[in-house]
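# Architecture and fold: a report
Residues per chain, in single letters:
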Amino acid sequence: SRRQRSRGTPARMDAITTFAAVAPTWVLVAAGGCAFVSLLVFLGRAFSFRGEVIKGRWASDHLSCRSLAWLDTFGRTVSYPGDARPAARRETRVGKWRKEGAPLEKGWRYVGAEEAHKATEAAMKKLYGKEVILQGEAAGRQTWIKDADGPAPPAFSPAKNPNASDLLFRNQRMAAWKGTRPDEKSVPKTPAEATKKAITFFQQLLCDDGHVAGDYGGPMFLMPGLIISTYCSGVPLGPRAAAMITYLRNHQQEDGGWGTHIESPSTMFGTSLSYVSLRLLGVPASDPAAKAGLKWIRGAGGCTQAPSWSKFWLTLLGVHEWAGINSIPAELWMLPESSPFHPGKWWCHCRMVYLPMCYLYSTRFENPGKHTDPLMAALRSELYLEPYESIDWDKHRHSCCPLDEYQLVTPLQRTLHWILTFYETKLALHTLRPFSGVRKAGIKFAMDYIRAEDLQTNFIDIGPVSKSLNMLCVFVDGGNNNQSDDFLAHVARIDDYLWVAEDGMKMQGYNGSQAWDTSFAMQAVLESGIAEEFPEFSLKVHQYLERSQILSTPASQASTALPYEEVDMRLKYFRHVSKGGWPFSTSAHGWPIADCTAEGLKAVLGLQKLPCVKANSAEMITPERLYDAVHVLLTYQNADGGWATYENNRGYRFYEWLNPCETFGDIMIDYSYVELSSASMTALAAFQRDHPSHRTSDIAGALKRGAKFIKTIQRSDGSWYGSWAVCFTYGTWFGIEALKCAGQLDCASVRRGVAFLISKQESTGGWGETIRSCLDKNYDSTPEASFGQGSSGVVQTAWAVLALMAAEVSAPAEVAAVERGVKFLMSRQLPSGDWPQEGITGVFNRSCGITYTSYRTVFPIWALARHAHWRKTLAA
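What counts and how
- Residues numbered from 1 in each chain as written.
- Predicted model: local features only at pLDDT ≥ 70, side-chain atom pairs only at ≥ 80, totals over all residues.
- Heavy atoms only, no water.
- Helix = DSSP H or I, 4+ residues; strand = E, 2+ residues; numbered from the N terminus.
- Rg over C-alpha atoms; globule rule 2.2 N^0.38 Å.
- Buried < 20%, exposed > 50% of the residue type's maximum accessible area, 1.4 Å probe, protein only.
- Contact = heavy atoms within 4.5 Å.
- Areas by Shrake-Rupley, 256 points an atom, 1.4 Å probe, with all protein chains shown as cover.
- Pairing = 2+ DSSP bridges.
- 1 Å grid on protein atoms, 1.4 Å probe; cavity = no way out; pocket = protein on both sides within 12 Å on 5 of 7 lines; lining within 4 Å.
- Points joined across faces, edges and corners; volume = space filled by probe spheres on them.
- Nonpolar A, V, L, I, M, F, W, Y, C, P; charged D, E, K, R; others polar.
- Disulfide = S-S within 2.5 Å.
- Core = buried A, V, L, I, M, F, W, Y, C linked by side-chain atoms within 4.5 Å.
- Expected span 1.5 Å × (residues − 1).
- Axes fitted to C-alpha atoms, helices over the stretch in contact; angles between N-to-C directions.
- Parallel < 35°, antiparallel > 145°, perpendicular 65-115°, else oblique.
- Left-handed = near helix turned anticlockwise from the far one by under 90°.
- Patch = residues over 30% accessible without salt bridge, like charges linked within 9 Å, V, L, I, M, F, W, Y side chains within 5 Å.
- Salt bridge = Lys/Arg side-chain N within 4 Å of Asp/Glu carboxyl O.

### Digging into the overall build of the protein
Along the backbone of the protein there are 31 helices and 10 strands. Against the globule reference of 29 Å for 876 residues, the protein gives a C-alpha radius of gyration of 27 Å, in line with a compact fold. Projected onto the principal axes, the alpha-carbon positions of the protein cover approximately 95 × 65 × 55 Å. In the protein, which comprises 876 residues, the proportion classed as buried is 64%. Taking contacts inside the protein between residues at least 6 apart in sequence as the whole, the part at least 24 apart equals 78%. As displayed, the protein offers around 31,400 Å² of accessible surface, 58% of which is attributable to carbon and sulfur atoms.

### Digging into the pairing of strand 7 (residues 498-501)
By the alternation rule, side chains of strand 7 split into Leu498 and Val500 and Trp499 and Ala501, which are all buried. Taken together, the four bridges between strand 7 and strand 8 (residues 504-507) define a ladder with antiparallel strand orientation. Pairing of Val500 across the sheet is with Met505, part of strand 8. Counted between consecutive antiparallel strands, the loop separating strand 7 from strand 8 contains two residues.

### Quick word on the layout of surface pockets
The volume enclosed by the second largest pocket comes to roughly 820 Å³. Around the second largest pocket, the lining comprises 29 residues; the ones closest to its centre are Gln523, Glu527, Lys602, Arg689 and Arg866. Considering each element in turn, the lining of the second largest pocket owes the most residues, seven residues, to helix 24 (residues 674-690). Split by residue class, the lining of the second largest pocket holds 13 nonpolar, six polar and 10 charged.

### A look at empty space enclosed by the protein
Following the criterion strictly, the structure yields 10 cavities of 30 Å³ or more and no others. Lining the largest cavity we find 30 residues, and of these Trp347, His349, Gly509, Trp724 and Phe844 sit closest to its centre. Looking at the lining of the largest cavity, the elements that each hand over two or more residues are helix 11 (348-362), helix 15 (464-477), helix 21 (594-607) and strand 9 (842-844). The calculated volume of the second largest cavity comes to roughly 160 Å³. When residues of the lining of the second largest cavity are traced back to their parent elements, those giving at least two are helix 29 (794-806) and helix 31 (855-875).

### Some points on the state of the cysteines
Linking two cysteines covalently via their sulfur atoms produces the bond known as a disulfide. With the rule as written, the count across this model stands at zero disulfides. With no disulfide of its own, Cys596 has Cys348 as its nearest cysteine by sulfur position, at a separation of 12 Å. You can call Cys596 buried: its relative accessible area is 3%. Of all cysteine sulfurs, the one in Cys727 lies closest to Cys774, which takes part in no disulfide; the gap is 3.9 Å.

### Some points on the nonpolar core
Counting residues in each nonpolar core, the largest one holds 251 residues, and the members touching the most others are Phe221, Trp309, Phe312, Leu360, Leu379, Leu383 and Leu601. Not counting chain neighbours up to four residues away, the residues in contact with Leu601 comprise Trp582, Leu626, Ala629, Val630, Leu633, Ala683 and Phe687.

### Considerations on unusual backbone geometry
Going from Arg433 to Pro434, the amide bond is cis rather than trans, its omega being 5°. Mapping Pro434 onto the fold places it in the loop between helix 13 (411-426) and helix 14 (435-456). In this model, Val726 is joined to Cys727 through a cis peptide bond whose omega is -20°. You can see Cys727 is positioned in the loop between helix 25 (696-712) and helix 26 (728-741). Of note, Phe459 is a non-glycine position whose phi angle comes to about 65°, a positive value. Examined against the element boundaries, Phe459 turns out to sit in the loop between helix 14 and helix 15. Exposure remark for Phe459: the relative accessible area of 11% places this residue in the buried category. At Asn480, a position not held by glycine, the phi torsion is positive, near 55°.

### Quick look at the environment of Pro236
Its location among the elements puts Pro236 in the loop between helix 6 (222-233) and helix 7 (240-250). With 109 residues separating them along the chain, Pro236 and Leu127 place their C-alpha atoms 9.4 Å apart. Each residue touching Pro236, except ones within four places of it in the same chain, is listed here: Leu127 and Tyr128.

### Details of helix 15
An ideal rise of 1.5 Å per residue puts 20 Å on 14 residues; helix 15 measures up with 20 Å between its terminal C-alpha atoms. Most of helix 15 sits out of view: 13 of its 14 residues are buried.

### So, the packing of helix 29 against helix 31
At their nearest, the axes of helix 29 and helix 31 sit 8 Å apart, and the two run at 30° to each other. Between helix 29 and helix 31, the angle falls in the class roughly parallel. Between helix 29 and helix 31 lies a crossing whose hand is left-handed. Of the residues in helix 31, those touching helix 29 at Val794, Val795, Ala798, Trp799, Val801, Leu802, Met805 and Ala806 are Tyr855, Arg856, Phe859, Pro860, Trp862, Ala863, Arg866, His867 and Trp870.

### A word on the environment of Ser786
Position of Ser786 among the secondary structure elements: in the loop between helix 28 (772-776) and helix 29. Ser786 sits in the buried class, given a relative accessible area of 17%. Separated by 17 residues in sequence, Ser786 and Glu769 place their C-alpha atoms 7.4 Å apart. In this structure Ser786 touches Thr770 and Ser791, once residues within four positions along its chain are discounted.

### Observations concerning a nonpolar patch on the surface
On the surface, a nonpolar cluster with roughly 670 Å² of combined accessible area is contributed by Leu335, Phe341, Leu412, Leu416, Trp418, Ile419 and Trp657. Along the polypeptide, Trp418 turns up in helix 13. Given a relative accessible area of 55%, Trp418 falls into the exposed group.

Dropping the structure here:
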């Protein structure tokens with residue numbers, strides 16, 4: 001009967017009976033736990049700092065967890081990044097690449113801003129026959145088009161350095177430059193002369209809309225996601241495909257594998273996805289690169305040993321089964337917001353990746369070509385050591401190649417995965433009422449949230465993984481329709497993430513690092529004291545920063561993003577205030593970040609003092625808009641006194657025990673960081689000097705709390721761990737700058753930071769670190785893993801010298817250390833005024849390197865520029 005069928009099989013009935021027997025105990029335990037947590041939350045709300053009030057409640061307390069940060073007073077702050085990893089778990093392998101690089105086809109040309117919008121809209125009209133209008137500010141948009149008359153690319157040798165020098169872009173900008181060029185025959189004799197020559201060179205690279213552009217690639221797992229999404233949804237990649245193949249060939253290592261990022265030794269994560277990408281792009285299995293890649297995969301146990309994100313992408317493609325994927329139920333979104341496990345408490349990047357994942361998992365998406373495409377059948381036979389049909393998928397849910405295990409799966413996580421698997425497969429409760437209704441509601445909310453994210457970001461989305469997944473969700477929600485308006489709006493924004501360098505076409509870690517790099521570059525030029533000698537550069541940068549302030553210009557306010565800034569919408573979709581902040585990339589992206597807002601604000605404050613900018617007062621950013629930026633910064637401060645990235649910390653440290661991604665660390669909540677905190681503090685201090693009557697007490701309190709936080713996360717050796725760049729030199733620079741702006745330059749923490757840096761100076765006079773410093777949380781300058789001069793690199797040297805001068809060192813040995821560092825920077829300057837590309841300098845999530853090609857120019861300029869002022873202070 002229908003009633004009997006609805007009850008299910010005897011096995012399911014036995015499982016339900018067992019569950020019912022133990023349920024009352026679990027309910028009582030859960031109720032007691034919630035009552036205890038509620039008491040702690042009440043105490044936290046009564047006694048701890050929590051920021052602004054909106055609609056009668058604390059802005060960040062609608063998810064309640066921030067009220068628990070006061071518990072950190074009983075131990076080390078939850079934001080302390082941890083000490084060195086055990087020696088047995090440190091990375092010892094070094095990647096090795098082939099000497100001969102694969103050549104890139106000629107004809108790729110950079111196109112930006114309004115010209116990029118026009119090119120994309122014309123291409124969409126030609127390809128789809130529809131008008132697709134891109135919304136949001138065009139400023140900062142970076143795209144590449146294939147042009148028959150485009151320039152020939154420079155050669156690339158991965159064995160020499162797997163980091164491209166971004167010469168394709170730089171050569172195009174220099175060819176278009178009509179102004180003064182550096183004298184390549186002159187050799188600077190002083191730091192001031194070297195600074196001026198470097199700025200003269202660097203001004204040539206500035207884009208027409210005033211932003212600093214550059215390669216922000218590095219991770220090897222990003223582009224495969226885009227390739228899989230476009231393959232499943234039938235989006236043609238056109239000439240991009242050949243350039244992507246070039247990139248994959250160039251970064252394949254001698255052992256046949258690919259790393260998680262371009263400096264990483266081979267991993268299953270990088271290799272499984274890169275191999276599949278080559279095949280999807282049309283490379284046959286008989287190709288030498290494909291054969292070598294498959295040999296590596298099979299030698300490492302096949303794709304049953306792939307980490308969870310790789311398995312997820314393979315499942316979407318149809319060459320892995322959902323039965324081998326740990327449950328990602330959409331029902332999580334239906335939990336009460338006060339629940340400790342509500343996804344709204346997660347770090348936004350984690351939340352916005354698992355949002356589309358839960359939609360695709362809960363709807364059990366299947367590639368339309370899974371059973372009919374011969375390539376899918378071929379891949380299913382290639383990727384595994386046993387016949388595909390005989391694989392026990394459930395057995396391999398937690399299987400992971402040891403080379404990929406940065407974050408080990410915890411017993412708690414395995415237990416919860418087992419409970420969810422029991423719910424999902426054994427009980428299959430999601431198919432029975434009322435659970436089926438909860439799942440449908442969760443799926444509906446997830447898709448609604450995805451649409452909101454698309455509109456808030458003008459279909460760019462927060463990051464590349466979210467972009468590829470959201471695009472596929474829109475395809476699925478439309479009934480596998482790749483012609484809908486929303487899907488085509490996604491397609492039109494694909495190029496925002498793609499960058500071309502001499503190593504090929506890559507997917508960047510964001511839609512660029514435009515506002516970030518531009519703000520740093522301008523501050524470096526301002527500190528030289530000769531910014532007025534470069535009026536065109538300064539004016540253009542000011543114009544870009546004016547246009548990139550989020551929801552602050554007519555173009556941005558005319559986009560679909562503005563309605564989502566309303567308080568009710570922000571609360572519904574767990575968003576922090578955006579208006580007035582600066583992004584990492586572009587205004588159209590729509591997500592402000594604390595340190596990006598801070599660095600943008602500092603650059604603007606400095607620019608507005610220049611006569612050349614004052615002369616164009618009609619284009620000046622108004623005080624009211626500066627007040628908006630300060631408001632954003634003040635609301636970002638966490639209860640522990642530090643600043644996180646996009647939002648306030650909403651979660652608990654134990655969330656990391658539930659980290660579902662083996663390859664990354666500390667991704668579950670938005671921690672406070674030394675870099676974010678220092679940037680925010682120095683920006684508030686700079687603003688207060690220029691606007692002493694605006695929110696005076698609020699800023700003073702923020703600086704006091706911030707300085708206390710900075711001291712709590714200093715390591716015992718005197719260093720600070722850098723979470724967003726490589727690594728201790730970077731973090732220590734920010735730590736010292738923070739304490740200086742708080743008026744605590746003479747404290748013991750600064751002296752310990754100075755001593756740490758002095759102890760790490762190399763015999764060359766420089767400093768250098770490898771990505772291993774980030775991975776292992778242990779200072780590493782191994783020469784064979786470095787691409788500088790021996791173990792020394794210009795970027796880390798610049799950071800160390802900047803830190804020592806910020807500390808106003810005066811002891812003879814410390815002064816000598818600064819002078820040796822400056823001498824090293826000058827010795828590495830090229831005749832053009834630039835510096836050579838060395839090792840990777842960026843990092844995220846502890847374990848993945850990422851490229852900032854502008855750093856090699858910007859930070860040496862900054863360090864050399866500061867030298868003259870430091871010398872005057874020393875003399876006084």
